[in-house]
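Listed below are the residues making up each chain.
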Amino acid sequence: MIFRGKSPDLVYLWINNDKVEIRDASHLRGKGAVETAELIRQELKEPNAQAAAIGLAGENRVYMASIEHSRSSASRLGIGAVMGDKGIKAIAVRGTKDINLARPDEFVQLCNEVLEYIKFRNEHPVANVMTILQGLGSPQEMLHADEKWHTENFMWGNARVRRKDFWNKEIEEKWKETQLRVRKRLISCYNCPMKCAAIISVPGISTYMMKCFSKLTFAMAAFVEDLDFGFRIAQRATEYGVDAFSTPQVMAFAVELKEAGILTDEDFAGCPSDNEGRFYWLLDRIVRREGIGDALANGTYWAAKQIGKGAEEYAHNNIRKHEQLPLKLGMLNPIYFLMYCTGEKANITQIEGQFPQSPFMTIEEGEEFVRDWIQVPDEKFKRYLLDWEPRGERSMPFYPTVDMCVDIVDWQEMMHYIDDALGVCAGLSSFPLKPPYHIHNYPRIISAATGIAMDEEGLKQIYRRNRNLLRAVNVRRGLRRADEKPPEDHWKKRFPELEEKLLDAYYKFKGWDNQGIPTRESLQELDLGYIAEDLEQRGIMKNERG
Amino acid sequence: MSEVKKIVKTIKIDLDKCNGCRACELICSAFHAKPKYSSNNPARSRIQVIHDPLRDIYLPVYAGEYAQAECMGRDKYVIDGKEYDECDFCRASCPSRDVFKEPDSGLPLKCDMCEDDPPQEKPLCVQWCLNEALTYEEREEEVEEEVKLEDIEIGLEAMVDKYGLQKIIDAVARMSMKG
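Residues numbered from 1 in each chain as written. Chains lettered and ligands numbered in written order. Predicted model: local features only at pLDDT ≥ 70, side-chain atom pairs only at ≥ 80, totals over all residues.

A few points about the overall build of chain A
In terms of helices and strands, chain A carries 21 helices and 14 strands. In summary, chain A has a C-alpha radius of gyration of 24 Å against a globular reference of 24 Å for 546 residues, a match within 12%. Principal-axis analysis of the C-alpha atoms gives chain A an extent of 60 × 60 × 55 Å. Counting only residues that meet the buried cut, chain A has 43% of its 546 residues in that class. (Helix = DSSP H or I, 4+ residues; strand = E, 2+ residues; numbered from the N terminus. Rg over C-alpha atoms; globule rule 2.2 N^0.38 Å. Buried ≥ 20, exposed ≤ 12 C-beta atoms within 10 Å, placed from the backbone.)

Some thoughts on the environment of Lys 6 of chain B
All names here are of chain B. With respect to the helices, strands and loops of the structure, Lys 6 is situated in strand 1 (residues 3-13). It is 26 Å that separates the C-alpha atoms of Lys 6 and His 32, two residues lying 26 residues apart in sequence. The residues touching Lys 6, leaving out its near neighbours within four places in the chain, are Glu 141 and Val 143. (Contact = placed C-beta atoms within 7 Å.)

Some details on the domain arrangement of chain A
Residues and elements named next belong to chain A. Along its sequence, chain A is organised into domain 1 (11-94), domain 2 (137-323) and domain 3 (329-537). The centre of domain 2, based on its C-alpha atoms, is set 30 Å off from the matching centre of domain 3. Each partner contributes residues to the interface: domain 2 has 12 residues there, and domain 3 has 12 residues. When the residues that make up the side of domain 2 that touches domain 3 are grouped by side-chain class, the tally is five nonpolar, six polar and one charged. (Domains from an automatic or database assignment. Nonpolar A, V, L, I, M, F, W, Y, C, P; charged D, E, K, R; others polar.)

Considerations on the packing of helix 6 (residues 169-182) of chain A against helix 8 (residues 227-240) of chain A
Residue and element names in this part refer to chain A. Two elements in contact, helix 6 and helix 8, have axes whose closest approach is 8 Å; the angle formed by their N-to-C orientations is 35°. Contact residues: helix 6 offers Trp 175, Thr 178, Gln 179 and Val 182, while helix 8 offers Leu 227, Asp 228 and Phe 231. Residue composition of the contact of helix 6 with helix 8, grouped by class: four nonpolar, two polar and one charged. (Axes fitted to C-alpha atoms, helices over the stretch in contact; angles between N-to-C directions.)

Quick look at unusual backbone geometry
In this structure, the amide linkage connecting Met 396 of chain A to the following residue, Pro 397 of chain A, adopts the cis form with an omega of 10°. Of note, Pro 397 of chain A is situated in the loop between helix 15 (380-387) and helix 16 (402-422). Cis peptide bonds are those with omega within 30 degrees of zero, and the linkage from Tyr 399 of chain A to Pro 400 of chain A qualifies with -5°. Mapped onto the elements of the fold, Pro 400 of chain A is located in the loop between helix 15 and helix 16. Its identity as a non-glycine residue notwithstanding, Arg 22 of chain B has a phi of 65°, on the positive side. Along the chain, Arg 22 of chain B falls in the loop between strand 1 and helix 1 (23-31). Here Arg 22 of chain B falls in the buried class, since 24 other C-beta atoms lie within 10 Å of it.

What about the sheet that holds strand 3 (residues 50-53) of chain A?
Strand-to-strand pairing in sheets goes through backbone hydrogen bonds, with the strands running parallel or antiparallel. Residue and element names in this part refer to chain A. The six strands are arranged 2-1-6-3-4-5 in an open sheet whose pairing can be described as mixed. Every other strand in the sheet has two partners, leaving strand 2 (19-24) and strand 5 (72-74) as the edge strands with one partner each. For this sheet, the mean angle separating the axes of adjacent strands, direction not counted, is 20°. Where strand 1 (residues 11-16) meets strand 6 (residues 88-94), six bridges bridge the pair, whose relative direction is parallel. Residue Tyr 12 lies in a different strand from strand 6, and its bridge partner there is Ala 90. (Pairing = 2+ DSSP bridges.)

Some points on helix 16 of chain A
Look at helix 16 of chain A: 30 Å from first C-alpha to last across 21 residues, which is about the 30 Å you get at 1.5 Å a residue. Count one or two residues on from helix 16 of chain A and you reach Gly 423 of chain A, which has phi positive near 75°. (Expected span 1.5 Å × (residues − 1).)

What to know about the environment of Ala 92 of chain B
All names here are of chain B. Its location among the elements puts Ala 92 in the loop between helix 2 (86-89) and helix 3 (124-128). Expressed as a C-alpha distance, the spacing of Ala 92 and Val 61, which sit 31 residues apart in the sequence, is 9.8 Å. In contact with Ala 92, other than residues within four places in its own chain, are Gly 64, Glu 65, Tyr 66 and Ala 67.

Structural notes on the packing of helix 16 of chain A against helix 18 (residues 456-476) of chain A
All names here are of chain A. The N-to-C vectors of helix 16 and helix 18 enclose an angle of 90°; their axes lie 9 Å apart at closest approach. As far as their axial angle goes, helix 18 and helix 16 are roughly perpendicular. On the side of helix 16, the interface is formed by Met 414, Tyr 417, Ile 418 and Ala 421, while helix 18 contributes Leu 459, Lys 460, Ile 462, Tyr 463, Asn 466 and Arg 467. Grouping the amino acids of the contact of helix 16 with helix 18 by side-chain chemistry returns seven nonpolar, one polar and two charged. (Parallel < 35°, antiparallel > 145°, perpendicular 65-115°, else oblique.)

Put into structure tokens, the structure is as follows:
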């Protein structure tokens, strides 16, 4: 579905089987995203319709605005603002037609294999890696209340402060009690055996659904040690429709600017002085673009430019103008360096996944891991892992070698691109270690479902085409090598020479020039000659034929 | 009348364990597709998870008998503080709602416990429910052997109940004389 142009009035789209209707949404202006979906279901008298909606943030073109749907949201890169700019409040869908399969028996057999593997993986968590990396699905934040790892390893405030001794018995008990009290039920997405999400009902405010880490992003950015606040403010943020990664950091950035005297008492006139009240106040200003909220609504990068007076120094946790996870680490990880720099979605969780984040502590642990590592596209990845050591000659940042890093990144991003093309959740595929979907069974699954002849090489070719198309789109928008940087203070210890080599090798592997622009030759090999023509006409690619 | 043994097939539904994944709906519709598994469409499923996440309602219901007309009253049940429509629990394919009807023809759907050839060990919905919200139980019951009446006898019995046997005999006699 592609939306061109804009609607003069606020509308929503109603798709019922083959019928598509644009309906007035003026009565939904200013309504919450979850609230809107519910109101649409009621007015259509279609309790089973699904609706994706924006809240006030999208309507007001806040750069961190999300599109919310049920327990999920399309949060990153300000896509809710695009919907708001087009005047589309929501898209509601109900379909009762069949989904036909080309080779049913084969398909169901493959589904059963996947299901059996999921059950196996749920019973056999990956050993010798941290808890959050052991299982399948989205990080199981709704199930677990133990947040020692997040609270002590992720930064508090404006991605600044690490609190290594934060977690203790008292907090553990209190947070567990809070989570169990507000969590009404763990829930699944359609036809999924995982239970990544939950219904959250905090007394006094309307019910919503949540998954993953947003219960803590606001609380940690605000320096609030009460999980109840996390669930409460996330409810408001969900109704407003804002990204729970970026938004808390924008607010923490504002607080820092105030403390530094760059923002003034006047900017904060009427703002409560406590951490909780201040965050609610800032959130309300941002989504309404009121006062200082108008600049902040553009995210830390643009807000800093507007505010000036040295505010740029405080917008320190961005890639490509987008706020990132609040992580600050010691020594450069070359694999992660490449992924942070080149990931087209400017978000580490949407490119990482298949390869362990760090080497195993002993040879035995490594051997145990590779023993049933069926997902590797090539046996060489097992060697890369087994030879990788925590310290010494074969350790980071020079091992895995530059070429190995490129291979590893290519595999990881390939799986994300395939998932995105198929509409399969990354939680059962590209995101966790040892997932049930991988490069070896995907071609058979696609073929049995659709009847398209497909093998591994064919699927890889589709990935390469997608990868280059997306790169070409961003190149047209001005993306160049200078933009491919991790957040400047992500690692304390950097290796500029190695980093240049990594980027050079990655570009070369992809068939791009040293600015990260696909070459005519590599585009033609992918049957994308017309993209080369386009880039040439725009003066982005040199006319090599003279 | 003599006693006979009868196998009663039961699916136990635990609402607290349902996570709303609706794999039961998916597999039901796929299993009953022709050819088998050739399509999936929860609108064709003979089990429906009545769900309303914001009210924390997850209620798997099976398709039962066809009902020509809807009920006159609609009661509400409040269970553990949650309000359910009486209809939520009802198995009927009925004019008051869209569930348990083939989406294109409107013909009623009815759960057949996957009594298929070859027979399934358990209904497919139970096999695919990983949360054990649906569990299958068979139990034996002693029931009185029923003497099955022909359709005509059923009709006559109703007439006898209403008018008395003598009136019916007289009426039949008159009709046969006119013959």
